[in-house]
Amino acid sequence: MRRFAALSLLLITTLAACGPGDPGARAEPDATLPREATTEELATLRRAEEILERRCMARAGFALPAAPQPARSGPEPPPMALVLADVAWAREHGYGTRVRTPEETARLRADDPVGDRLRALTPERRAEALRAWQGGGVDTVEVTLPGGMTTGRSTRGCTSEARGELYGDFRTWFGADAVDRGVTALAMSRAQADPVFTKALRDWSDCAAGRGLPHESPQRLRAALGDSAPEAKEIEYAVAEAACAVGSGLADVATDVEERHLAQVREQYLADVIHARRMRLAALPEADRIVRDEDPSRLNTHKKGTR
């Protein structure tokens, strides 16, 4: 039963994962890097993907309810790929939407209409629904990510059909999107291993230990907190991370190494990065229309206020 709850969450957040990509690809000399889609725009794209998936599933004979939309609990957090460095923001918001209170987590787990619908099916119909949804592993397209791993997804099924409809061509979209996301993952991995960063990290760790949180890195600190914690504890951890980042100098070092490694890895895969960004931006007008037509009250409506 747990996997169906996980699949219902996937209906909200699943991402196009793979396609043919050439690690040595280069963009044309005059190609310019488009802007990244904003957080709000990415949310609209994900919402449109989910709507198209449900329409596809309905055509396959499986009427699924709309997945609940996650409530926003305040403004977007500042960048914190390597470390959170905004003390004032941390003091007011903790880690923002990255961490929920136990009560919020319980409500989200209880509100699972898609999983409930799947669990109500017979085992045979449930298997049919999953094949219709994910393609059953048929006609899989694969791509090698910048980090060296290979990932793949069936070109069949409603998750792939929805993305093909929204972005124009699933195979092209899958490859560019997977490589683009892999660029960030590889760059962050290299940045964390950078000697300049690891040296500054020791001072950060000493500072955190002095606050009663003996952890080797911000990532270890957040892992110890988890994704569900009482608000007071979350704020304690977030403030410690940010204050020690500023006090130890890790904040400035993190910005420098992150930008440097992102630029280096992005240059290797520039054609895919440009293509992925262009496809997201080009899909936005249609995604906007899909979301608005489905439920006008949902478009750009988010919970206001802070915790």
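Presented here is an overview of the structure given in this document. (Residues numbered from 1 in each chain as written. Predicted model: local features only at pLDDT ≥ 70, side-chain atom pairs only at ≥ 80, totals over all residues. Heavy atoms only, no water.)

1. Things to note about the overall build of the chain
Working step 1: Broken down by element type, the chain carries 13 helices and two strands.
Working step 2: Of the contacts made within the chain by residues no fewer than 6 positions apart, 77% connect residues no fewer than 24 positions apart.
Working step 3: Of the roughly 15300 Å² of accessible surface on the chain, a fraction of 52% belongs to carbon and sulfur atoms. (Helix = DSSP H or I, 4+ residues; strand = E, 2+ residues; numbered from the N terminus. Contact = heavy atoms within 4.5 Å. Areas by Shrake-Rupley, 256 points an atom, 1.4 Å probe, with all protein chains shown as cover.)

2. Looking at the pairing of strand 2 (residues 150-154)
Working step 1: In terms of strand pairing, strand 1 (residues 140-144) meets strand 2 through five bridges, oriented antiparallel. Within strand 2, the residue paired with Val 141 across the bridge is Arg 153.
Working step 2: As consecutive antiparallel partners, strand 1 and strand 2 are separated by five residues, and within that stretch Gly 148 has a phi angle of approximately 105°, a positive value. (Pairing = 2+ DSSP bridges.)

3. What about helix 7 (residues 158-167)?
Working step 1: In terms of burial, helix 7 is a largely internal element, eight of the 10 residues being buried.
Working step 2: Taken residue by residue, helix 7 has Cys 158, Thr 159, Ser 160, Ala 162, Arg 163, Gly 164, Leu 166 and Tyr 167 as its buried positions.
Working step 3: Phi for Gly 168, located one or two positions after helix 7, is positive at around 105°. (Buried < 20%, exposed > 50% of the residue type's maximum accessible area, 1.4 Å probe, protein only.)

4. Section: the pattern of salt bridges
Working step 1: All told, the structure shown has 21 salt bridges when counted by the stated rule.
Working step 2: Here Asp 194 ties to Arg 260 by a salt bridge, and the two come within 2.9 Å at their closest N and O atoms. Placement of the pair is Asp 194 in the loop between helix 8 (170-193) and helix 9 (195-210) and Arg 260 in helix 12 (residues 250-268), with a sequence separation of 66 residues.
Working step 3: Residues joined in a network through salt bridges with shared partners are Arg 47, Glu 50, Arg 54, Arg 55 and Glu 294. (Salt bridge = Lys/Arg side-chain N within 4 Å of Asp/Glu carboxyl O.)

5. Concerning helix 10 (residues 218-225)
For an α-helix, 3.6 residues make a turn, and residues three or four places apart therefore share a direction.
Working step 1: Every buried residue of helix 10 is accounted for by Pro 218, Leu 221, Arg 222 and Leu 225. The buried residues of helix 10 occupy one face: seen down the axis, they fall within an arc of 95°.
Working step 2: Here the buried face of helix 10 lies against helix 9, helix 11 (231-248) and helix 12.
Working step 3: Count one or two residues on from helix 10 and you reach Gly 226, which has phi positive near 85°. (Arc of directions from axis to C-beta.)

6. Brief notes about the packing of aromatic side chains
Centre distance and the angle of the planes are the two values used to describe a pair of aromatic rings.
Working step 1: Taken as a whole and judged by the stated rule, the model has two aromatic pairs.
Working step 2: Centroid distance Tyr 167 to Trp 173: 3.8 Å. Interplanar angle 10°. Geometry classified as stacked. We note that Tyr 167, like Trp 173, is buried.
Working step 3: Between Phe 170 and Phe 174, the ring centres sit 5.2 Å apart and the planes meet at 15°, which makes this aromatic pair stacked. Placement of the pair is Phe 170 and Phe 174 together in helix 8, with a separation of four residues, close to one helical turn. For the residue pair Phe 170 and Phe 174, the accessibility class agrees, reading buried in each case. (Phe/Tyr/Trp six-rings, centres within 6.5 Å; stacked < 30°, edge-to-face > 60°.)

7. A closer look at the state of the cysteines
Working step 1: Here the structure, examined in full by the defined rule, presents two disulfides.
Working step 2: Along the chain, the cysteines engaged in disulfide bonds are linked according to the scheme 1-2, 3-4 when indexed in sequence order. (Disulfide = S-S within 2.5 Å.)

8. A short note on the environment of Ala 191
Working step 1: The residue Ala 191 is located in helix 8 in this model.
Working step 2: Along the chain, Ala 191 and Arg 260 lie 69 residues apart, while their C-alpha atoms are 8.3 Å from each other.
Working step 3: Excluding residues that lie within four positions of it along the chain, Ala 191 makes contacts with Leu 82, Phe 197, Val 257, Glu 258 and His 261.

9. Comments concerning the side chain of Ser 154
Working step 1: With respect to the element layout, Ser 154 can be found in strand 2.
Working step 2: Residue Ser 154 is classed as buried on the basis of its relative accessible area of 4%.
Working step 3: Excluding residues that lie within four positions of it along the chain, Ser 154 makes contacts with Gln 134, Gly 135, Gly 137, Val 138, Asp 139, Thr 140, Ser 160 and Phe 170.

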